Amino acid sequence: VQLQASGGGLVQAGGSLRLSCAASGSISGDNIMGWYRQLLGKQRELVAISSSGDATNYADSVKGRFTISRDNTKKTVSLQMDSLKPEDTAVYYCTWRRWGTTTYYWGQGTLVTVSS
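What you see is a predicted model; the values in this text were computed from it and never measured.

Chemist: Describe the sheet that holds strand β8 (residues 76-81), naming the residues involved and giving the relevant values.
Modeler: If you walk across this open sheet you meet the four strands as β1-β3-β8-β7, and the pairing is antiparallel. The open sheet is flanked by β1 (2-7) and β7 (66-71), the only strands paired with a single partner. Going across the sheet, the axis of each strand differs from the next one's by a mean of 15 degrees, ignoring polarity. Summarising the sheet, strand β3 (residues 17-24) and β8 pair through six bridges and their orientation is antiparallel. Residue pairing in the sheet places L19 in a bridge with L79 of β8.

See the structure below:
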């Protein structure tokens, strides 16, 4: 499984950014795609995930501000980030996991910087 992420960058607090990720390879079957983020020196944490059945889960810290969406035909997942805060600054990683397994596949990471 290969994941190619795009988007990210520098934005002022209150602004918006959109991340996108395209999956390729052996990605048939039910799966979960989404985004995690990692701050320097901290563990990677869940931001938002979406199943191939369109169930979603968000971190409490981003609920109401971030929206995850996916296109199962195009094998893509996107994260619309609105009302960004400086504490959202992190490297964001796209992830893919086959339903019922614990093997995570990761994209290359994209840096999001929110200035105050």
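What follows continues from the structure just given.
Chemist: Tell me about the state of the cysteines, and name the residues and values.
Modeler: The final tally for this structure, using the stated rule, is one disulfide. Disulfide partner of C21: C94, at an S-S distance of 2.0 Å. Residues C21 and C94 are joined through a disulfide that is left-handed, its torsion about the S-S bond being -85 degrees. Of the two residues, C21 sits in strand β3 while C94 sits in strand β9 (residues 90-98), which places them 73 residues apart along the sequence. Using a relative accessible area of 1% as the deciding quantity, one classes C21 as buried.

Chemist: Tell me about the nonpolar core, residues and numbers included.
Modeler: Counting 27 residues, the largest nonpolar core has W35, V47, F66, L79, M81, Y92 and C94 as the members making the most contacts within it. Of all the secondary-structure elements, those providing two or more residues to this core are β1, β3, β4 (31-38), β5 (45-51), β7, β8, β9 and β11 (110-115). Every residue in contact with Y92, bar those within four places of it in the chain, is listed here: L19, W35, Y36, R37, V47, F66, L79, M81, G109, T110 and V112.

Chemist: Tell me what's going on with the pattern of salt bridges, and back it up with residues and numbers.
Modeler: One pass over the structure, following the stated rule, counts four salt bridges. When the shortest N-O distance is used, the salt bridge between E45 and R37 registers 2.8 Å. Accessibility expressed as a relative area gives 35% for E45, which makes it partly exposed. Between D88 and R37 there is a salt bridge whose closest N-O contact spans 3.0 Å. Taken together, the positions of D88 in the loop between β8 and β9 and R37 in strand β4 put the pair 51 residues apart, joining distant regions of the chain. For R37, a relative accessible area of 5% corresponds to the buried category. Residues participating in the shared-partner salt-bridge network are R37, E45, R65 and D88.

Chemist: I'd like a description of the environment of M81, backed by residues and values.
Modeler: Mapped onto the elements, M81 comes out in strand β8. Residue M81 is classed as buried on the basis of its relative accessible area, which comes to 0%. Counting along the chain gives 51 residues from M81 to D30, while the straight-line C-alpha distance between them is 26 Å. Setting aside anything within four residues of it in sequence, one finds M81 in contact with G15, S16, L17, L19, R65, F66, Y92 and V112.

Basis of the calculations
- Residues numbered from 1 in each chain as written.
- Predicted model: local features only at pLDDT ≥ 70, side-chain atom pairs only at ≥ 80, totals over all residues.
- Heavy atoms only, no water.
- Pairing = 2+ DSSP bridges.
- Helix = DSSP H or I, 4+ residues; strand = E, 2+ residues; numbered from the N terminus.
- Axes fitted to C-alpha atoms, helices over the stretch in contact; angles between N-to-C directions.
- Disulfide = S-S within 2.5 Å.
- Buried < 20%, exposed > 50% of the residue type's maximum accessible area, 1.4 Å probe, protein only.
- Core = buried A, V, L, I, M, F, W, Y, C linked by side-chain atoms within 4.5 Å.
- Contact = heavy atoms within 4.5 Å.
- Salt bridge = Lys/Arg side-chain N within 4 Å of Asp/Glu carboxyl O.

Keep in mind these numbers describe shape, not what the thing actually does.
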